Amino acid sequence: MAIEHTFSILKPDATRRNLTGAINALIEKAGLRIIAQKRVRFTREQAETFYAVHKARPFFGELVDTMISGPVVVQVLEGEDAIKKYRDVLGATDPAKADPGTIRKEFAVSLGENSAHGSDAPETAAVEIAQWFSGNEIVG
Ligand code: RTP
Ligand code: MG
């Protein structure tokens, strides 16, 4: 299994409820290492670019509004099989369908406020990391 990097966002519903440490504990317990992290606020344009793959979907406007409703924490996670591993730790997109012990089951409010994002493939992980971090901010 290869060592991979994945991109994570702790979403506004998580920062609003002061859950960044609790979510980071689940990330670290899963064997993923947080090798870059910063708190930022997405502009509307940044949120639209980030979720551009969904721009034709009916929920796109609500998704962008939610992502800019407060600060987020962007992260790079490192570990074996990190992309799939983090998706497993996140749980299903809809928290009602997420397994116990996952971030979304334990912390998410709803489908739209589901607490965290994880990249879905190596190509998207590379693009998302490059959008938010320069090389010297990532300390593996
Ligand atoms: P994410 O990109 O945030 O990690 O979530 P995901 O891969 O599990 O799900 P994705 O299909 O990429 O959807 C992105 C985000 O859009 C919201 N969503 N709303 N109302 C709806 O039907 C609906 N479907 C998706 C969710 O907040 C999801 O995380
Ligand atoms: Mg996605």
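Residues numbered from 1 in each chain as written. Chains lettered and ligands numbered in written order. Predicted model: local features only at pLDDT ≥ 70, side-chain atom pairs only at ≥ 80, totals over all residues. Heavy atoms only, no water.

### Notes on the environment of Val40
And then number 1: Along the chain, Val40 falls in strand E2 (residues 33-40).
And then number 2: For the pair Val40 and Pro71, spaced 31 residues apart in the sequence, the C-alpha separation amounts to 5.6 Å.
And then number 3: Those residues in contact with Val40, other than ones at most four positions away along the chain, are Pro71, Val72, Val74 and Trp132. (Helix = DSSP H or I, 4+ residues; strand = E, 2+ residues; numbered from the N terminus. Contact = heavy atoms within 4.5 Å.)

### Notes on helix H5 (residues 82-90)
Owing to its 3.6 residues per turn, the α-helix brings residues three or four apart onto one side.
And then number 1: Within H5 the residues assigned to the buried category are Ala82, Ile83, Tyr86, Val89 and Leu90. End-on, the buried residues of H5 take up no more than an arc of 125 degrees, which puts them together on one face.
And then number 2: The elements touched by buried residues of H5 are strand E1 (3-10), helix H2 (20-29), strand E3 (72-80), helix H6 (103-107), strand E4 (116-118) and helix H7 (122-132).
And then number 3: Two residues or fewer past H5, Gly91 is found with a positive phi of approximately 85 degrees. (Buried < 20%, exposed > 50% of the residue type's maximum accessible area, 1.4 Å probe, protein only. Arc of directions from axis to C-beta.)

### Here's the deal with the site of ligand 1
And then number 1: The local shell around ligand 1 holds 13 residues, among which Tyr51, His54, Thr93, Leu111 and His117 are the closest.
And then number 2: Here Tyr51 contributes a side-chain N or O atom positioned 2.5 Å from an oxygen atom of ligand 1.
And then number 3: With respect to ligand 1, the side chain of Arg87 contributes an N or O atom lying 2.9 Å from an oxygen atom.
And then number 4: Look at ligand 1: alone it shows 570 Å² of surface, and the protein chains cover 78% of it.
And then number 5: For ligand 1, the cavity whose grid points lie within 2 Å of the majority of its atoms is the largest pocket. (Near = heavy atom within 4 Å. Polar contact = N/O pair within 3.5 Å; in protein donor to acceptor, adjacent residues only side chain to side chain. Areas by Shrake-Rupley, 256 points an atom, 1.4 Å probe, with all protein chains shown as cover. 1 Å grid on protein atoms, 1.4 Å probe; cavity = no way out; pocket = protein on both sides within 12 Å on 5 of 7 lines; lining within 4 Å. Sits in = over half its atoms within 2 Å of the grid points.)

### Digging into the environment of Ser119
And then number 1: Within the fold, Ser119 resides in the loop between E4 and H7.
And then number 2: On the accessibility criterion, Ser119 (0% relative accessible area) is buried.
And then number 3: Residues Ser119 and Val53, spaced 66 residues apart in sequence, show a C-alpha to C-alpha distance of 13 Å.
And then number 4: Apart from residues lying up to four places away in sequence, Ser119 is in contact with Thr6, Phe7, Ile83, Arg87, Thr124, Ala125 and Glu128.
And then number 5: A polar side-chain atom of Ser119 sits 2.7 Å from a polar atom in the side chain of Glu128.

### Quick notes on unusual backbone geometry
The general pattern is negative phi for most residues beyond glycine and trans for most peptide bonds.
And then number 1: A positive phi angle is found at Asn18, which is not glycine, with a value near 60 degrees.
And then number 2: Take Asn18: it is sitting in the loop between helix H1 (12-16) and H2.
And then number 3: Taking relative accessible area as the criterion, Asn18 reaches 70% and is therefore assigned exposed.

### Examining the sheet that holds E3
What links the strands of a sheet is backbone hydrogen bonding, and the strands pair in either a parallel or an antiparallel sense.
And then number 1: Spatially, E2-E3-E1-E4 is the arrangement adopted by the four strands of the open sheet, whose pairing is antiparallel. What marks the edges here is a single partner per strand, and that holds for E2 and E4. Strand after strand, the sheet turns through a mean of 20 degrees between neighbouring axes, direction not considered.
And then number 2: Relative to E4, E1 runs antiparallel, the two being bridged by three bridges. If you follow Ile9 over to E4, its bridge partner there is His117. (Pairing = 2+ DSSP bridges. Axes fitted to C-alpha atoms, helices over the stretch in contact; angles between N-to-C directions.)

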